[in-house]
Every structure is written in structure tokens, then in C-alpha cells.
Amino acid sequence: MTSDKWIELSRGCIGQYIEDDGGVIAFWLVYPDYKKKETYGKILAVAPEHKGNHLGLSLSRALANYLRELGMNVFMTDTSLKAPHVVKFHKSYGCKAIGMTSWPNTNYYSVILRLALTQECEISDREANKRFGISRFKCKMLLKEDGSATLFGKIYNLAVLLFSKLKYLIGKG
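Conventions we followed
Residues numbered from 1 in each chain as written. Predicted model: local features only at pLDDT ≥ 70, side-chain atom pairs only at ≥ 80, totals over all residues. Heavy atoms only, no water. Core = buried A, V, L, I, M, F, W, Y, C linked by side-chain atoms within 4.5 Å. Buried < 20%, exposed > 50% of the residue type's maximum accessible area, 1.4 Å probe, protein only. Helix = DSSP H or I, 4+ residues; strand = E, 2+ residues; numbered from the N terminus. Contact = heavy atoms within 4.5 Å. Pairing = 2+ DSSP bridges. Axes fitted to C-alpha atoms, helices over the stretch in contact; angles between N-to-C directions. Phe/Tyr/Trp six-rings, centres within 6.5 Å; stacked < 30°, edge-to-face > 60°. Lys NZ or Arg CZ within 6 Å of the ring centre and 35° of its normal.

Chemist: What exactly am I supposed to notice about the nonpolar core here?
Modeler: Grouped burial of nonpolar side chains is what soluble globular proteins tend to show. Counting 27 residues, the largest nonpolar core has Trp28, Leu63, Leu67, Phe75, Tyr93, Leu115 and Leu117 as its most contacted members. Counting only elements with at least two residues in this core, the list comes to strand E2 (23-33), helix H2 (55-69), strand E5 (96-101), strand E6 (110-116) and helix H4 (125-142). Considering every element that reaches this core, the biggest residue donor is H2, with 6 residues. Look past the residues within four positions of Leu115 in its chain and what remains in contact with it is Ala64, Asn73, Val74, Phe75, Tyr93, Gly94 and Cys95. If you look at the next biggest cluster of nonpolar residues, it comprises 8 residues, including Met76, Ile112, Ala116 and Cys121.

Chemist: Explain the sheet that holds strand E4 (residues 74-80) here, please?
Modeler: Each strand in a sheet pairs with its neighbour through backbone hydrogen bonds, running either in the same direction (parallel) or in the opposite one (antiparallel). With mixed pairing, 6 strands are arranged side by side in an open sheet as E1-E2-E3-E4-E6-E5. Pairing within the sheet leaves two strands with one partner each, and these edge strands are strand E1 (14-20) and E5. Adjacent strand axes in the sheet meet at a mean angle of 25°, parallel and antiparallel pairs treated alike. With 7 bridges connecting them, E1 and E2 associate as antiparallel partners. Across the sheet, Gly15 pairs through a bridge with Leu29, a residue of E2. Across the sheet, helix H3 (residues 84-92) touches E2, strand E3 (38-46), E4, E5 and E6, and the angle it forms with E4 is around 165°. Set on the sheet, H4 makes contact with E5 and E6; between it and E5 the angle comes to about 10°.

Chemist: In this structure, what is going on with the packing of aromatic side chains? I would like to understand it.
Modeler: Centre-to-centre distance and the angle between the planes together describe a pair of aromatic rings. Scanning the entire structure with this criterion turns up 2 aromatic pairs. For the pair Trp28 and Phe75, a centre-to-centre distance of 5.4 Å together with 90° between the ring planes defines the contact as edge-to-face. A residue pair is termed long-range when its members are at least 10 positions apart, and Trp28 in strand E2 and Phe75 in strand E4 qualify at 47 residues. Residue class for Trp28 comes out buried when judged on its relative accessible area of 2%. Geometry around Trp103 places Lys42 over its ring, the cationic atom sitting 5.4 Å from the centre.

Set out below in C-alpha cells:
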């Protein structure tokens, strides 16, 4: 990928990249929420011929430092539960697994990972494990691997919808 193509893809994002011989060989794209001071990492890629050289780790650490400089408090990302090596990678630079979800039109559950960028936002391993356990239970109760609702999820969504309409009607009366 050329530097120009990377810049085009990164509009509206915070990003870091590594360039070699005029081409991008590794990059991270992160969507910022400046109000919440949080970011969500969506795309980390390393050119196949450069894998194994720790470029992803170097880039992740540099990105975390850059986000701190920008005043961000938390970095979040996710990856497939079926890719434990990728979960392990994110944990190697400090992320903690705190949740689970399933995105529409996928065939897997995703692990949600969180990196505190400030001391005040740090959570203990115990708290992270607690959050992950609760989220995992809720996710599997409500969602299938393809992101669609389970039968219980459909009933739950209907109940929430009915409750909100009832609350609205009571408020009007």
C-alpha cells in the first residue's frame, strides 16, 4: 500500500504507520471519541513479508504513547475469540480482555480488549476478569456467533422495546 492510499483510508482516524522504501508496511487506524477521551482500534495490519519482526508490537506501543499525548484515557479494540494468538498479542502490550460480543454478519464471537492510557483509568486483573465473565454470559445468552439474536435475545429485545414504550406512555399521561 502506498502512503497516499493509507492517508485516504485514515480520514477521520488517528493513525500510525511504518514506511519502508516508499510504501506502508504496517499501520494502525483508530477511531477517536474526543468527548469520552476514548479510542477504538479497528485496523492493524502488517505486510505479510514483514510479519514476525515485531512491527505490530512496536506500532501498538507507539500508538498508545501518541494517544496519551493527545489526552486520551482509554484504547479499545476487539478480535475474534477464534484467534487466541491475536488476543495474546494485544495482551502483550497491556490490553485486558473485558468483554465479548458478536458483530452482525460474522461467524465468531469477538473479545473486547481495553488498554488504560492513564493511571486513573486502570482496572485490576480481577475487575477485567469479572467484566469479561459477565459480558461473556450476556453475549452468549443474547447473541449467536453470526451477530443475530438468540431466541432469548429476541424476547429480551421485545421486552425492552415494550418497556420503553410503556414508560413513554406513562410519561405522557
